[in-house]
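# Examining the three-dimensional arrangement
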Amino acid sequence: INFDDNYKIFFLGGSTGFGIVSSSDETTISGFIQKKINEDKLDAIIINAATPEAATIDQLYILKENILKFNPDMIIMYEGWNDVMLVDSLKFNVSYEEYLKNNYWENKEILSLDFQNKPLIKIINSNIIFLLHRIDYKTGIGIITFLGHQVKTNFDMSPEKISPTILAKIEDNISKNWSKVCELGEKHGFQTVNIIQPILGTSDRVLHFDEKIILSYDKQDMQYIKNLNIKDKLQYCKNVFDLRNTLTEMNEELIYFDRGHMNDIGNKIVAEKIYEKVLPLVMKDMQK
């Protein structure tokens, strides 16, 4: 493929976009989108620039420092979950200028002791799973970190209380960083597509037995994602799509490995929905 002769789409997101539990590069979300592009014989290419553990602030950085020089035609931002999980990290509590001065490990440092003392966090930070998380930049290896679900038969699926203050901070973080990306799009002449991702529990569907186990342990992420309302806070962003309810009809199908990472089936469904949204934008650009 001649990179420069193709319509260039860069796909930004976290580990769910990167595809750490996908069976191959071709079965990531961007891999399935490329398959649709090829089927339609379009002169376009999608580059998977998603990075495990990246939130919107990181993706703004990646765009500015690594992607702009390639003259992108479209940027797709597939996000939500990491901004929820990492809301208490240093990078969301300093200015962008200060963020640039810190290294990766400083910026991801969690400031809240309550978060650090969560049972799951203590497990991840105290055994070999932590090592696996640090070397997950290869599609498929991440599946190892999701083995060993506990056996549970009684599910508490009642909603957990969430903090309006934290929700507002999450909304402000996402809307601020997305707006900066969309402003860059207007300045440099590329399309921006902003997508609120689905995670376990945001779609109206009957969950698989294993998914009920996962969700019964921690429902807060889902509650924050479900309650996100950022559209009115965005500036410059014209193509904002809500995919939180994308998997509605997948009743009792096993889709999720944890609260956010989907298997190949889920990736394919999400990819097809994204392609449906972006295809008219791509075709319009190509006709110019």
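This paragraph deals with a positive patch on the surface. Residues Lys64, Lys176, Lys180 and Lys187 make up a contiguous surface patch of positive charge. Looking at the element boundaries, Lys180 is found in helix α10 (residues 164-188). For Lys180, a relative accessible area of 30% gives the class partly exposed.

This part covers the pairing of strand β3 (residues 74-79). The buried count for β3 comes to six of six residues, which makes it a mostly enclosed element. Burial of the side chains of β3 extends over both faces: Met74, Ile76 and Tyr78 are buried on one face and Ile75, Met77 and Glu79 on the other. Examined bridge by bridge, strand β1 (residues 7-13) and β3 share five bridges and lie parallel to one another. Considered in β3, the bridge of Phe10 is made with Ile75. As judged from the six bridges shared by β3 and strand β4 (residues 191-196), these two strands associate in the parallel manner. In the sheet register, Glu79 faces β4, and the bridge partner there is Ile196.

What follows is about the nonpolar core. Ranked by internal contacts, the top residues of the largest apolar core, which has 71 residues, are Leu63, Met74, Ile75, Ile76, Trp178 and Ile274. If sequence neighbours within four positions are ignored, Met74 has contacts with Tyr7, Lys8, Ile9, Phe10, Phe190, Gln191, Val193, Val278, Leu281 and Val282.

Our focus in this paragraph is the environment of Thr51. Turning to its location among the elements, Thr51 is positioned in the loop between β2 (44-48) and α3 (56-67). Sequence separation between Thr51 and Ser15 is 36 residues, and the spatial gap between their C-alpha atoms is 5.7 Å.

Before going further, it helps to examine the state of the cysteines. Applying the stated rule across the entire model yields one disulfide. Through a disulfide, Cys182 is tied to Cys237; the S-S separation comes to 2.1 Å. The sign of the 105 degrees torsion about the S-S bond sets the Cys182-Cys237 disulfide as right-handed. On the criterion of sequence distance, the pair formed by Cys182 in helix α10 and Cys237 in the loop between α12 (220-227) and β5 (240-242) is long-range, its members being 55 residues apart. The pair Cys182 / Cys237 is uniform in exposure class, with both members buried.

Within the open sheet, the five strands sit side by side as β2-β1-β3-β4-β5. Their pairing is parallel. Edge strands, defined here as strands with exactly one partner in the open sheet, are β2 and β5. Across this sheet, the average inter-strand angle for adjacent strands is 20 degrees, counted without regard to direction. Of the strands in this sheet, β3, β4 and β5 are in contact with α10, which crosses β4 at around 160 degrees.

Moving on, we get to helix α13 (residues 264-286). By the largest-angle criterion, Val278 marks the main kink of α13, which is about 40 degrees, and a proline, Pro280, follows within four residues. All of the buried residues along α13 are Gly266, Asn267, Val270, Ala271, Ile274, Tyr275, Val278, Leu281, Val282 and Asp285. Elements in contact with the buried residues of α13: β1, α2 (29-39), β3 and β4. Where α13 begins, one side-chain oxygen reaches toward the backbone nitrogen of Ile265, 3.1 Å away; that side chain belongs to Asn263.

Before going further, it helps to examine the environment of Asn48. Note on placement: Asn48 falls in strand β2. When its relative accessible area of 29% is taken as the criterion, Asn48 is described as partly exposed. Look past the residues within four positions of Asn48 in its chain and what remains in contact with it is Phe11, Gly17, Phe18, Thr28 and Ser30. In this structure the side chain of Asn48 is engaged in a polar contact, spanning 3.4 Å, whose partner is the side chain of Ser30. Of the polar contacts made by the side chain of Asn48, one reaches the backbone nitrogen of Ala50; its length is 3.1 Å.

With the exception of glycine, the majority of residues adopt a negative phi angle, and the majority of peptide bonds are in the trans configuration. For Lys41, which is not glycine, the phi torsion reads 55 degrees and is therefore positive. Given the relative accessible area of 73%, Lys41 is considered exposed. A positive phi is found at Glu252, a non-glycine position, where the angle reads about 60 degrees. Looking at where Glu252 falls in the secondary structure, it is placed in the loop between β5 and α13.

What follows deals with the packing of α2 against α13. At their nearest, the axes of α2 and α13 sit 8 Å apart, and the two run at 50 degrees to each other. Between α2 and α13, the crossing angle belongs to the class labelled oblique. The hand of the α2/α13 crossing is right-handed. Together, Ile29, Phe32, Ile33, Lys36 and Ile37 of α2 and Asp264, Asn267, Lys268, Val270, Ala271, Ile274 and Tyr275 of α13 make up the contact between the two elements. In the contact of α2 with α13, the residues fall into eight nonpolar, one polar and three charged.

Thresholds, definitions, all that
- Residues numbered from 1 in each chain as written.
- Predicted model: local features only at pLDDT ≥ 70, side-chain atom pairs only at ≥ 80, totals over all residues.
- Heavy atoms only, no water.
- Patch = residues over 30% accessible without salt bridge, like charges linked within 9 Å, V, L, I, M, F, W, Y side chains within 5 Å.
- Areas by Shrake-Rupley, 256 points an atom, 1.4 Å probe, with all protein chains shown as cover.
- Salt bridge = Lys/Arg side-chain N within 4 Å of Asp/Glu carboxyl O.
- Lys, Arg positive; Asp, Glu negative; His and termini not counted.
- Charge placed at Lys NZ, Arg CZ, Asp CG, Glu CD.
- Helix = DSSP H or I, 4+ residues; strand = E, 2+ residues; numbered from the N terminus.
- Buried < 20%, exposed > 50% of the residue type's maximum accessible area, 1.4 Å probe, protein only.
- Pairing = 2+ DSSP bridges.
- Core = buried A, V, L, I, M, F, W, Y, C linked by side-chain atoms within 4.5 Å.
- Contact = heavy atoms within 4.5 Å.
- Disulfide = S-S within 2.5 Å.
- Axes fitted to C-alpha atoms, helices over the stretch in contact; angles between N-to-C directions.
- Bend = angle between axes of the 7 residues up to and from the residue.
- Polar contact = N/O pair within 3.5 Å; in protein donor to acceptor, adjacent residues only side chain to side chain.
- Parallel < 35°, antiparallel > 145°, perpendicular 65-115°, else oblique.
- Left-handed = near helix turned anticlockwise from the far one by under 90°.
- Nonpolar A, V, L, I, M, F, W, Y, C, P; charged D, E, K, R; others polar.

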